[in-house]
Structure formats: structure tokens, C-alpha cells
Amino acid sequence: MQTTVEKSEHLSAQTFQMNIQQVEEHYQTDLNKGLTQAEAEKRLQADGKDKLIEGKRKTVFGMFIEQFQDFLIIVLMVAAIISGAMGETSDAILILVIVVVNAIIGVVQENKAENSMEALKKMTMPLAKVIRDGTENIIEAENLVVGDVVLLDAGDYVSADGRIFDVASLQIQESALTGESLPVTKDIAVLSDPETSLGDRVNMVYMSSLVTFGRGKFVVTKTGMNTEIGKIAGMLQTTETVATPLQKKLNELGKILAIGALIACGVIFATDIFRGKNVLETFLVAVSLAVAAIPEGLPAIVTVVLALGTQRLVEKNAIVRKLPAVETLGSASVICSDKTGTLTQNKMTIVRVFAEGEPKSAEDFKSREDLNAHERLLTTIGMLSNDASINEENGEWVEIGDPTEVAFVAFSKRLGIDKEDVLANMPRVGELPFDSDRKLMTTLHQSEDIYYSFTKGAPDEIINLSTHYYKDGEILPITDAYKETVMQINTNLGDEALRVLGLAYKPFNIMPKIEHNSLEQDLVFVGLMGMIDPPREEVKLSIKECHEAGIHTVMITGDHKNTAIAIAKDLNIYNEGNQALSGVELEKMSGEELMDNIEETTVYARVSPEHKVRIVDAWQKKSGVVAMTGDGVNDAPALKKADIGCAMGITGTDVSKEASDIVLTDDNFATIVSAVKEGRGIFENIRKAVHFLLSCNIAEILIIFTATILNWERPLLPTHILWINLVTDSLPALALGMEKASSDIMSQKPRDPKSSIFADGLGSRIVLHGVMLTIISLGVFYYGYTTYGVAEARTMIFAVLGLSQLTHVLNAKAGRKTVFTDQLFENKFLWGAIGISGFLQLIVVLLPFTHSVFSVTYLNSKEWLIVAAASFAPLIIVELGKLLIRPFRKEVKVS
């Protein structure tokens, strides 16, 4: 959508490339008088309000209905309806309760997932100061139009995108939009390069950014959805939510189970009808078997396991907003991380100090006693020639001011030098504020009868204004050789991606005039101080763990390329063989070129929101499961596009939080490692539950199927099947979800998102174990039938199938490892489930009043001995198999 002004004339150059006169002509305005009220109303009518258009929101009811779209849930609903129609009311009600509870939990967790637009709207400023008809007015920001002349002062939010034409030390914080941690000093100069990135367009302002210092005026060039933040809003509306790996695998499982159950039941029904058996009874058996074949407990188990994982992550400083997000992060193969505030501390910190000789590390100074006289003077100048402060409020230290200036005050405070104490003896009596033309800031202080001007600024400006330099307590005339030495050190520090400032002073015997020619001429050069937004201390270890876990770590930032590379090298994200790309370089690459370079590129600098989405998309096309971390508005589209979005809880904007799946409450990259481990453990436990449930269900199907084909008496009645399926299956399967993650789980490679839930031999183990349970059960039935009769045989197979599943659950718990380890009794919930289910199974067989309900009879001691032996057989057989196979099989690690 273009505004009426933009439609009227082809824009041959971008606005930041225009001079002031061209801007005035193109946007048909008057920089002195602004628009007329009539013209403004005309443009407002044509172009619409300066606000973000909200996309269509999901209702709570809509979210509830969506919970029933999974194939497995649909199959369960059909099974419940058929069960109800056949008179199995209790079974139908139980299935429906499970499904509805799952849906309610899903809605509660996802209710805030579509609130990104609301958060964006909160960020916009409700009022704006404009010039119309030659007079200054305060209007509602949504009534701004293209061509309006807007005034800015410190503390104002920018209400629209625009071209600056007048500045006075104007600095604007754009980190939420660009990702750069420092405020941007604005200028009115024309930028000639048409490929200038968003963060480098110093003659432009953007909606939702904050004025931190100075004042200025700009012409509105974009409003509403046409602004840069409006583009992000549009991307949030159009970005599709990707199904998680867990959702995909459960849908796949549901289809396999449904098709298999229908085929088996169809064959059984057709065979019995062909043999002339009762139609109604045969249909009831087929339906019961179909219900048994579908593990209706699985969705509940998955939901509970995910919810428990969510609670554990809350204790580890991660809030999960969408349940499947935990498991998805466990399968992450790529973490695309924002630099500022995520990998770094989002706090400028002095790291290098040059007074004389070679620059020293700031870590060399532990207290004021470690400073010599020269270094103490340098520290004092940095501390006093700024407006920042660090104050204690409610037991916490609050930093106020520009991040660069805060760095000087924080450095002094760490050494035990308090700014207020120094000011008490050396009060400020004058100042020259920072100016983007001078690139300097100077404060004037009085100490008894002497006055001192303290100046900080760009090193080249400071050295050029200095006629002397300080050394060993002496003031010496500056030489060209000394200047070259200083500038070389400045270059070296800059190569380390440090922001370097020079510091100087000048003494006066009488109160000087507060002007540039007086205070900032003939200075005494004192030294340089270099600062950077440093990496978080714990992040290196976290990234190392990610590498060991086979996870690619990628840095995506709005900062300059050399700064990004320096941080990335320090964190071992950028190593030999890796490459870094700027947003301009990325823009020139085709999709195919990006795909070819995506695995070697570990750093992206000066990127736009569109670039971030493109990077995430490229990794996803490479079959990567992508986690994206971030805290700014500029991260929101990529957070939503990624398989898993992780927003920062402290520094994160509302927009990034609302677009995310997980919020890290401590803004700590290391928390992601805990979440990855939790996620991997959850999927491991879900696989254990699937192993147990399906092998048991396969056994139930094969028992009926085999008996039908062989034309035996029915070994199990519908009540037997449903009882075993609902009582002895569900509790142990749920308890498997309480298992602790394997100790080596973070040394395993990420799962291939394309791989089946049955990968790594799980499918074959399920089938083999199902066949094993079938053979054991039918063997007991055959013995009982030929020895005692059909009533005893049915009772024996009913008891064996229920109890053998309770020993078989230990096989599912151990997987390929032996059951008999020190972890055997670690899961108390599992042993509790085995005890309860076993007790209920025995009650049904032993108590007289349940005999008629379940069509069972009393068993003698020999029959019980056979039942006991058969019940323990699955555990013994599987353990012997592991013992025989283990020497010939190489252990394959999968997560």
C-alpha cells in the first residue's frame, strides 16, 4: 500500500538519499509551517490512520475446536461414538473426558499466542507534537499523515517513520527494531549509498523508537502499516505457524494405528460372519478390538508429560507458553540467537584502559588502590564528563543514562570510587553537551580555586585538539610520533570490536567561558578507554554443550560485522572455516546461494527482520528444527516463523514475548540448554510410552486375530480387552513419562525431523515384543483350554495378559539397556502404577462378585503358578535377548 503522496510521483531515490529540499518537494510540505489542517485531513482520509491494522484474531472457541483436528483425536472420537452406540457407555465417556481435558489444557496454554498485534499497538505513542498552519500542536499520533512536520524531545517515542531535517545532539534508541544496543546519533546529511542498512540510516527515524537525548524535527514519510514496524506487524500476521515435530509424529502414528486397526477388525469381522457366527456379537468384538488398538491414553500421557516438563522448566527460569514447544526444543538442530541481550549482557562495559605504555585489561584493576595517579585521573575524567548515574532503589542498583556513559560510572563504582562523593569535592559548574558535529562532551568542575574542563569523545578529535599529554605526573608537549602511537592503539582496540573514547582535560585559574573555543582547545591528552557489550560468562559453556549435542549455534544481530565476529570468536561460534554475512551481502544472495552457504555461515550482521525470517526459512528447508532466540521487535517475525521461538523475559519486548513459544525469565542463553535436555528427555519418555502401549495393543489384536483365523474359541471377551486397555495399560504408560532423562542424552545428535517416531529400531521392537506377548498368552490359553476348559483358559489368558504387561513395562523403560541397573527403582511413580494396576487385575480375578461381570472363574494353585511364570516371561526373554545380542551390536545413540 502506498500513500497518496508516493503515488503521485515515482520515487527515483530512497528518502535517506534526498537532500532537505528534495524531501520538502517530494512530500509536498513546508518545513517551516508544516501542512495546512485541510491538507492533513485530506491525506488522513485518503491514507488512513497512523496505526497498525490488527489481523483476524482467534477466538477461545476457535482455539478449542482446533484441538480436535489431530488425526489421533479424530479416531478416538469416532471410537467413543461407536462404543457408546454399542452400549459401552463407560468406555465412551472415559475417552471423551480424556479428549476434552486435552483440549482445555491446550486452549489455556495457547490463549496468548496470537497477542502480538496488541503488544505492538501498546508500543506506539498516543500523542505527537506537530507543526500545522505554522503553529505547534499536540495531536493524537494516529492522526499523523505523510508530510507532517513532527518535533522530538528527549523521552519522546517516535510516532511514525520520517526524514530528519533539524537536529540538536539527537540520539535515538532503536535496539528493539535494529538489535543494536547503543543509541544512534542522528544527522541530517544525505546518505548516498542506496544499500545503506536500516541501522545505518542516521538521517531517518522510525516508529516505536525512543529519543534518549537532544531534540530534532522530521518530516513524516511513512505511517501505519507502511512503517518499518508496520512491515513487522504484517509479517506477524502472514507468517504461518509450523506444526511441531511431536504433532507431526502423533498424526503419523494416529493414521498408522487407525488403518491397521480397521484392516485387522475388518478381517476378523468378515471371517466370523463367513463362519456363521452371531453378527451383533462379532461386531461388538470387532469394535472392542478397534477401541483397544487405539491407545486412547496416549494423548493424555503426552499432555501430562509435557505439562510436567513445563513445571520443571519454570524452576529453571523458562516459561512455556505452548505445551509442544518443550519437546520441539529437544529436537532442535539449530539455535539462531540474537546477540544483544541474549549472548551478551546488553550492558556496555569498560574492558581496556590505555594511560601509558600498552593498554591494560580492565580486569587488572580490582580496587582504587590498583590505579596509579595517571589511571586514576583517566577514570575520574570518564566518570565526571557524563550525565549517567547508578542509584540504589529498593535494594537494587538502577542505571540511568546513556549506556556508554553508564559504563564509565560502573567502572569507577566497581573500583570503589563513587561519583557523588567526587562531585561533592569537585562540583560541576558548567558543561558543553555532546554534539554529533563536535563528537565531544565537556564538563567544567571547580576544585577550590582551580577549574578543570574534562572532555571525552572520538579519539581522533581529542588527539587533534590536544597540545600536551600527561605522563608520570608531568604535562609534556605532544609530538607527531606520540599522536601516531595513540591512533595506532585506537586502531588496534577498534579491531577488537571495542568502542573507543579519548579523554583529556584542561586547567583554568579563573572561571572560563562555557564555549567550545575556550574549553575544548589546547587540551592535555590523558588516555583511551575501550568498551564493549561483553558476552555472558555462562554462555561459552552453554554453546560448548550445544556443539557436543550436535546443535548449530548461529548469531544474528543488528550490530556491525566486525563487532559481531569479535563476540562470536570469543564464544566459539565463529571458528576457522566459518563465514559471516552482512545484511547487504545477504540481500544480494539468491535463495539457492543462501542454501549453499547456510551451514558454514555462523554470523549475520546488520540484518533486517525480513533477513532473519529468510535465514530461519533456509535452515528449515535444510530440514533443520530451528530455535530462534531474541528480545526485540525486530526478532518477532523470526520467533514466530521458527519451529520454536524463545523470547527474553527481562529485556524482551511484549511483541517478542507474544510471538514466542518459550520465555526465558533470566534472559540467559544457558537456560536453553536446560530446555533442550528437558525436551529430549520428554521425547525419550514418549517413545517409551509408545513402545509399551503399542506392543501391548498389538498383542491384543494378534491374540484375537490368530484365534479367529485358527477358528479357536474366543480367548478374550470385549470386557477383557477394554479392562486391560484402560486399567493395566494407562497407569504404567503415564508413569513412564516420569522417567529421568538418560545421563548421556546431551551427547547425542539431534533427531532427524523427517525420521519416524519408530526410528532406531523402535518399530521392530514394538512388533517383536507384541508377538512375544501374543505367543506367551496364546500358549497359556491353549494349555488351559486343552487341560481344564474354556472358562479356566479365558481366566488364565486374561490374568496373564494383564500381569505380563506390568513386567513388560520394565522392558519399555530400559530400551536397549538392561533393566537391572541402579536406576531400576528410581522411578517411584512407575512402581506405584505397577502395584495399583496389578492389584486391580488380581481383584477382578479373585473376588467372587466380579466373576459374572468379567466372565472369569476361580484358578487353582497350579494354574496360578503357570500365570505367574508366564507373567514374568517377557522380562526374562527380553533380557536374555539383550545379553546375547549386545556383543554383536554397536550402540547407536539417538535422542
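Model, not experiment: these values are computed from the prediction.

Participant: Which parts of the structure should I look at to understand the overall build of the protein?
Facilitator: Summing up its helical and strand segments, the protein has 35 helices and 26 strands in all. Per-residue burial for the protein yields a buried fraction of 54% across its 895 residues. In the protein, of all internal contacts separated by at least 6 residues, the share reaching a separation of at least 24 is 73%. By element, 57% of the accessible surface of the protein is carried by carbon and sulfur atoms, the whole surface being about 37,300 Å².

Participant: What exactly am I supposed to notice about the environment of lysine 231 here?
Facilitator: Counting through the fold element by element, lysine 231 comes out in helix 9 (residues 228-238). When its relative accessible area of 38% is taken as the criterion, lysine 231 is described as partly exposed. Along the backbone, lysine 231 and proline 637 are 406 residues apart, and their C-alpha atoms lie at a distance of 9.8 Å. Residues within four places of lysine 231 in sequence aside, it is in contact with Met225, Asn226 and Glu610.

Participant: Sorry, what's going on with helix 25 (residues 609-621) here?
Facilitator: The α-helix winds at 3.6 residues per turn, so residues separated by three or four positions along the chain end up facing the same way. Helix length check: helix 25 (13 residues) gives 19 Å between terminal C-alpha atoms against 18 Å at 1.5 Å per residue, within 8%. Among the residues of helix 25, those classed as buried are Pro609, His611, Lys612, Val613, Ile615, Val616, Ala618, Trp619 and Gln620. One or two residues past the end of helix 25 sits serine 623, with phi positive at roughly 70°.

Participant: Quick question: what am I supposed to make of the pairing of strand 9 (residues 334-338) here?
Facilitator: Along a regular strand, successive side chains alternate from one face of the sheet to the other. Taken across its five residues, strand 9 has five buried, putting it largely inside the fold. A two-sided burial pattern is seen for strand 9, the buried positions comprising Val334, Cys336 and Asp338 on one face and Ile335 and Ser337 on the other.

Participant: Explain the packing of helix 28 (residues 669-709) against helix 32 (residues 790-814) to me, please; I cannot follow it from the model alone.
Facilitator: Helix packing for two helices is described by the angle between their axes and how far apart those axes are. Look at helix 28 against helix 32: their axes get within 9 Å of each other, and the N-to-C directions meet at 155°. Taken together, the axes of helix 28 and helix 32 lie roughly antiparallel to each other. The chirality of how helix 28 crosses helix 32 is right-handed. Two secondary-structure elements touch here, helix 28 through Lys688, His691, Phe692, Ser695, Cys696, Ala699, Glu700 and Ile703 and helix 32 through Ile797, Leu801, Gln805, His808, Val809, Asn811, Ala812 and Lys813. Split into classes, the residues belonging to the contact of helix 28 with helix 32 amount to eight nonpolar, five polar and three charged.

Participant: Got a minute to help me understand the pairing of strand 2 (residues 135-140) in this structure?
Facilitator: Pairing between strand 1 (residues 127-132) and strand 2: six bridges, direction antiparallel. Looking across to strand 2, one finds that leucine 127 is bridged to glutamate 140. The turn joining strand 1 and strand 2, which pair antiparallel and follow one another in sequence, is formed by two residues; a positive phi near 55° is taken by aspartate 133.

Participant: I would appreciate a short explanation of the environment of leucine 343 in the present structure.
Facilitator: Among the secondary structure elements, leucine 343 is positioned in helix 14 (residues 339-343). A relative accessible area of 0% means that leucine 343 is categorised as buried. Sequence separation between leucine 343 and glycine 630 is 287 residues; the distance between their C-alpha atoms is 9.6 Å. Apart from the residues lying within four places of it in its own chain, the contact partners of leucine 343 are Ser337, Asp338, Pro535, Arg536, Val539, Ile543, Met555, Leu571, Ile573 and Phe669.

Participant: Teacher, can you tell me more about the side chain of lysine 882 here?
Facilitator: Here lysine 882 shows up in helix 35 (residues 861-885). What lysine 882 contacts, discounting residues up to four positions off in sequence, is Ala814, Gly815, Arg816, Lys817, Thr818 and Val819.

Participant: Help me understand the packing of aromatic side chains in this model?
Facilitator: For any pair of aromatic rings, the description rests on two quantities: the centre-to-centre distance and the angle between the ring planes. For the structure shown, the criterion picks out 12 aromatic pairs. Between phenylalanine 365 and phenylalanine 411 the ring centres are 6.4 Å apart and the planes differ by 85°, which places this aromatic pair in the edge-to-face class. With phenylalanine 365 in the loop between strand 11 (360-361) and helix 15 (373-384) and phenylalanine 411 in helix 16 (residues 403-414), this pair connects stretches of sequence that are 46 residues apart. The exposure classification of phenylalanine 365 matches that of phenylalanine 411, with both residues buried. An aromatic cluster of three or more residues is present, and its members are Trp712, Phe781, Tyr782 and Tyr785. The residue whose ring lies beneath arginine 751 is phenylalanine 683, and the NZ or CZ to ring-centre distance is 3.5 Å.

About the cut-offs
Once a new chain begins, its residue numbering starts again from 1 and follows that chain's sequence as written. For this predicted model, a pLDDT threshold of at least 70 governs which residues receive local features, and a threshold of 80 or more governs which side-chain atom pairs are given and counted, while totals over whole chains, interfaces and linings are taken from all residues. The side-chain numbers reported here are obtained from all heavy atoms of the structure, hydrogens and water having been left aside. Where helices and strands are cited, they refer to DSSP runs of H or I of at least four residues and of E of at least two residues respectively, numbered from the N terminus. Buried residues are those whose accessible area, probed at 1.4 Å on protein chains only, stays under 20% of the maximum for their type, while exposed residues exceed 50% and partly exposed ones sit between those limits. Here a residue-residue contact requires only that any non-hydrogen atoms of the pair lie within 4.5 Å. Per-residue and other accessible areas were derived by the Shrake-Rupley procedure at a 1.4 Å probe size, with only the shown protein chains allowed to occlude residues. For a helix, the expected span equals 1.5 Å multiplied by the residue count minus one. Fitted lines through C-alpha atoms give the axes, limited to the stretch in contact for helices. The angle between two N-to-C directions lies from 0 to 180 degrees. Any angle that is under 35 degrees is reported as roughly parallel, and any over 145 degrees as roughly antiparallel; angles of 65 to 115 degrees are reported as roughly perpendicular and all others as oblique. Handedness of a helix crossing follows the sense of rotation of the near helix relative to the far helix, less than a right angle counterclockwise being left-handed and clockwise being right-handed. Only Asp, Glu, Lys and Arg are considered charged in this grouping, and only Ala, Val, Leu, Ile, Met, Phe, Trp, Tyr, Cys and Pro are considered nonpolar; every other residue, Gly among them, is considered polar. DSSP calls a pair of strands paired once it identifies at least 2 bridges connecting them. Whether two aromatic rings pair depends on their centres lying within 6.5 Å, for rings of Phe, Tyr and Trp, where Trp uses its six-membered ring; planes under 30 degrees apart make the pair stacked, over 60 edge-to-face, and the rest tilted. Comment: the charge-over-ring label is applied if NZ (Lys) or CZ (Arg) is within 6 Å of the ring centre and within 35 degrees of the ring normal.

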